[in-house]
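# Breakdown of the fold
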Amino acid sequence: GDSVTQMEGPVTLSEEAFLTINCTYTATGYPSLFWYVQYPGEGLQLLLKATKADDKGSNKGFEATYRKETTSFHLEKGSVQVSDSAVYFCALSVFDYKLSFGAGTTVTVRA
Amino acid sequence: DVKVTQSSRYLVKRTGEKVFLECVQDMDHENMFWYRQDPGLGLRLIYFSYDVKMKEKGDIPEGYSVSREKKERFSLILESASTNQTSMYLCASSLLDLTSTDTQYFGPGTRLTVL
């Protein structure tokens, strides 16, 4: 079945450090790929998405590129802030309204 | 802005009680979803609905049922709560788009504890 594997956390960084969260997927067909973020005490919100191979999604300084050859969608940010502390979820969907989520990666950024 | 609201942020119930979790969205979305979120497991889909009175089982429907009598409201029901249903429950909604998967908008969640 369709599934997502993302790197386990927790991840702790200092402000202005570079962040990478790895995400790989297994899917039949051609999935759309998503990164959702959950800030403390809140629900999930869409961070970025990509719908076809080689697309790059970007938002709030975060980027992820849909790599079909490596079945990956790694999330990156060049300089994190304390306000980026959150849980990050990679997810996929194969045109059936449903999302399959990874386990989530908790990121803590220290001042 | 899309708003998805859930009736309670925190709920404590006893084993065997019937529990209702309510979700309301204000953007006329066709699709609505119920997930549970557990550490290390991410989000798992319980049920979803793509129209009024329509529902489909997700990945973990056992022990749950749902109701969608109006387009904006989607209820999750635990007929007889058990301790293994202690979890964070998240509701989401999205537009019905037959060509791609549209963004899902999430509520703030209900943390349910079953004693």
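A few points on the structure.

The rules we used
- Residues numbered from 1 in each chain as written.
- Chains lettered and ligands numbered in written order.
- Predicted model: local features only at pLDDT ≥ 70, side-chain atom pairs only at ≥ 80, totals over all residues.
- Heavy atoms only, no water.
- Helix = DSSP H or I, 4+ residues; strand = E, 2+ residues; numbered from the N terminus.
- Polar contact = N/O pair within 3.5 Å; in protein donor to acceptor, adjacent residues only side chain to side chain.
- Contact = heavy atoms within 4.5 Å.
- Buried area = accessible area lost by both parts, 1.4 Å probe.
- Salt bridge = Lys/Arg side-chain N within 4 Å of Asp/Glu carboxyl O.
- Nonpolar A, V, L, I, M, F, W, Y, C, P; charged D, E, K, R; others polar.
- Pairing = 2+ DSSP bridges.
- Axes fitted to C-alpha atoms, helices over the stretch in contact; angles between N-to-C directions.

All names here are of chain A. Structurally, T105 can be placed in strand β12 (residues 105-110). A polar contact is formed between the side chain of T105 and the side chain of Q6, at a distance of 2.9 Å. Among the polar contacts listed, one links the side chain of T105 to the backbone oxygen of M7, at a separation of 2.6 Å.

This paragraph deals with the interface of chain A and chain B. Between chain A and chain B, the residue contacts involve 19 residues of the former and 24 residues of the latter. For the pair chain A and chain B, the summed buried area comes to about 1700 Å², and 58% of that belongs to carbon and sulfur atoms. The interface formed by chain A and chain B contains zero salt bridges. Our count for the contact surface shared by chain A and chain B stands at three residue pairs in polar contact (both at pLDDT 80 or more). Counting only elements with at least two residues in the side of chain A that touches chain B, the list comes to β5 (32-38), β6 (44-50) and β10 (86-93) of chain A. The class makeup of the residues in the side of chain A that touches chain B is ten nonpolar, five polar and four charged.

To continue, consider unusual backbone geometry. Residues and elements named next belong to chain A. The peptide bond linking G9 to P10 adopts the cis configuration, its omega dihedral lying at -5 degrees. With respect to the element layout, P10 can be found in the loop between β1 (3-6) and β2 (11-14). Its identity as a non-glycine residue notwithstanding, E16 has a phi of 75 degrees, on the positive side. Along the chain, the position of E16 falls in the loop between β2 and β3 (19-21). Despite not being glycine, K60 has its phi angle at roughly 55 degrees, a positive value.

By way of backbone hydrogen bonds, the strands of a sheet pair with one another, either parallel or antiparallel. Residues and elements named next belong to chain A. With respect to topology, four strands assemble into an open sheet ordered β3-β9-β8-β7, the strand pairing being antiparallel. Only two strands of the sheet have a single neighbouring strand rather than two, namely β3 and β7 (56-59). Averaged over all adjacent pairs, the angle separating strand axes in this sheet is 15 degrees, with direction ignored. Relative to strand β9 (residues 75-77), strand β8 (residues 62-65) is paired through three bridges, and the arrangement is antiparallel. Looking at β9, one finds that F62 is bridged to K77.

Purely geometric numbers; function is a separate question.
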